[in-house]
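Analysis of the macromolecular model
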Amino acid sequence: MTDALTVRIGDECRTGRAVDCSGRSLDPERVVSAVRGVTADRSAPATALSVTCPDPGPVHDHVGLLTPSVTPRTRTALATAARSRGVETPVDDDLASVRAALADAEVPAAPDLERARRRLAGTESAVDECRERVATLRGRLQARREEGRDTSGLEGELAEATAALSEHETERAAAREALAMARREARASRDARERRRKLEDRLANLERTARDHLVAAVRDRYAAAVAAAPGDSRASGDGSLADADPFAADDVTAALAVARVADLRAPVVLACDRFADPADAAAWLDAPVIRVPCPA
Amino acid sequence: MVAKRSAVLLVVTYSRAARGTLRNVCRTHEESVVRRFGRVALFAETEFAAFQALRLREKHGADVQIERTRPFNEFDALDAKVREAARAYEERERPSVPYSSFAAGTDLPDPGRLRERDIPR
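Residues numbered from 1 in each chain as written. Chains lettered and ligands numbered in written order. Predicted model: local features only at pLDDT ≥ 70, side-chain atom pairs only at ≥ 80, totals over all residues.

Remarks on the overall build of chain B
Applicable threshold: Counting from the N terminus, the helices are the DSSP runs of H or I reaching at least four residues and the strands are the DSSP runs of E reaching at least two. Radius of gyration: over C-alpha atoms. The globule rule applied is 2.2 Å multiplied by the number of residues raised to the 0.38 power. Placing C-beta atoms from the backbone, we regard two residues as in contact once those atoms come within 7 Å.
If you tally the helices and strands in chain B, you get 6 helices and 4 strands. Traced from its N-terminal end to its C-terminal end, chain B shows the element sequence β-α-β-β-α-β-α-α-α-α. Taken against the 2.2 N^0.38 rule, which gives 14 Å for 121 residues, the C-alpha radius of gyration of chain B at 20 Å runs more than 25% over that of a compact globule. In terms of principal-axis extent, the alpha carbons of chain B reach across some 55 × 35 × 25 Å. Expressed as a percentage of contacts within chain B between residues at least 6 apart in sequence, the contacts between residues at least 24 apart total 57%.

In structure tokens form, the structure reads like this:
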């Protein structure tokens, strides 16, 4: 048996296939983190926790922690359990190629359309304002001329306004061109996003097909595990378990059954009291077990 | 008010997540949605619908495209020749004739010219 595990808490060390830490005050989440090696333990040396065990596989994410409040996504977990047993599906090649295509899919960065729109929006209103100002000044100039009054001041103003209008028109033309260019770039980016989205849709379909296949492959084994699961809180109250839908089992039973179906190398962190002792649990689950106290 | 609301916002999504949000928005705000085609929807041209469209883009960035479309009136927007060409071509006797051959040697506009001309704004 190569899957013995070692749990160290401070300077205390426990080894075996079923390690009982139920006497210690341990947060189950913390133990799972130690099993998965995801976070370095930063607690004081006296309570520092480390677990030496084989690396957990994907199924450990689903049933590596069994508490009274587990909420397994049973079919997904069961499909992963089937994978851990080496079950393959007819769509595995397609899955691999779509995943590879997705990994290679490059999406060009989207241009800053917002900036281009904002720039153009400003110029439109500036041109309108300038045009109005030029028209007003022209009207006033015309009126003054007709009245035979001095127009030199107004002529200067009109010349300024006309120059400003021309400037704003130039800026608007540039802003339009910039937006047109950004839109062309956006099209390339959207084409790429669209291709990626199609690949993701295809991947999702293939994953669904694969999951159905995987679940079907271990369904009987899972149903048997549900029927054999310890504890009495089961979905069907009449006890006719043989006829009951195993997928209607309560969450803890479902999670235990998936764990029993799975080939688990890394220890299951067990924080529910369905088993008499950790060794029983390890035997029933056919997996290494770390027993911790039930969370309050 | 009918004329005012005849334009619509075109909302196109380019990712699964954005499509999912679009679906939810359409379900929740039916009054703002003129029509939904899968990952695309036409929103009414109200500020509330525009607010929903902008929310989508805030959430999903470049995976959401918003455009404003206007009603198409072929009697305003086009030369009679273009309308007549469409009718005549769809009434042709030999279905296999491409439009360029069909139009050749007639008064109908040739496709090259049609491609060059934009619909006036």
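So, unusual backbone geometry
Phi at A:Asp286 is positive, roughly 50°, even though this residue is not glycine. Take A:Asp286: it is sitting in the loop between α8 (278-285) and β7 (289-291).

Details of the nonpolar core
Just so we agree on the cut-off: Throughout this description, the term nonpolar core refers to a group of buried Ala, Val, Leu, Ile, Met, Phe, Trp, Tyr and Cys residues whose C-beta atoms join them within 7 Å. Here the C-beta atoms are placed from the backbone, and a residue counts as buried if at least 20 other C-beta atoms lie within 10 Å of its own, exposed if 12 or fewer do, and partly exposed otherwise.
Counting residues in hydrophobic clusters, the biggest one holds 58 residues, and the most contacted among them are A:Leu66, A:Leu78, A:Ala257, A:Val258, A:Ala259, A:Val268 and A:Val269. Once you skip the residues sitting within four places of it in the chain, A:Val269 turns out to touch A:Pro28, A:Val31, A:Val32, A:Val35, A:Gly64, A:Leu65, A:Ile290 and A:Val292.

Regarding the sheet that holds strand β5 (residues 65-66) of chain A
Residue and element names in this part refer to chain A. Just so we agree on the cut-off: A pair of strands is considered paired only if DSSP assigns at least 2 bridges between the two. Fitted lines through C-alpha atoms serve as axes, helices being fitted only where they are in contact, and the angles separating the N-to-C directions of these axes extend from 0 to 180 degrees.
In space, the 4 strands of this open sheet follow the order β3-β7-β6-β5, with parallel pairing throughout. Each having just a single partner strand, β3 (18-20) and β5 make up the two edges of the open sheet. Pairing analysis gives 2 bridges linking β5 to strand β6 (residues 268-270), with the strands arranged parallel. The residue bridging Leu65 from the neighbouring strand is Val269, located in β6. Helix α1 (residues 28-36) rests against β5, β6 and β7 of the sheet, and its axis sits at about 170° to β6.

Considering the environment of A:Ser22
Residues and elements named next belong to chain A. Position of Ser22 among the secondary structure elements: in the loop between β3 and α1. The sequence separation of Ser22 and Val292 amounts to 270 residues, and the corresponding C-alpha distance is 4.3 Å. When neighbours within four sequence positions are excluded, Ser22 is seen to be in contact with Arg291, Val292 and Pro293.

As for the interface of chain B and chain A
Filter applied, for reference: The classification used treats Ala, Val, Leu, Ile, Met, Phe, Trp, Tyr, Cys and Pro as nonpolar, Asp, Glu, Lys and Arg as charged, and all other residues, Gly among them, as polar.
Each partner contributes residues to the interface: chain B has 6 residues there, and chain A has 8 residues. Each residue belonging to the side of chain B that touches chain A can be placed in one class, and the counts come to 2 nonpolar, 2 polar and 2 charged.

This is a description of form; function is not addressed.
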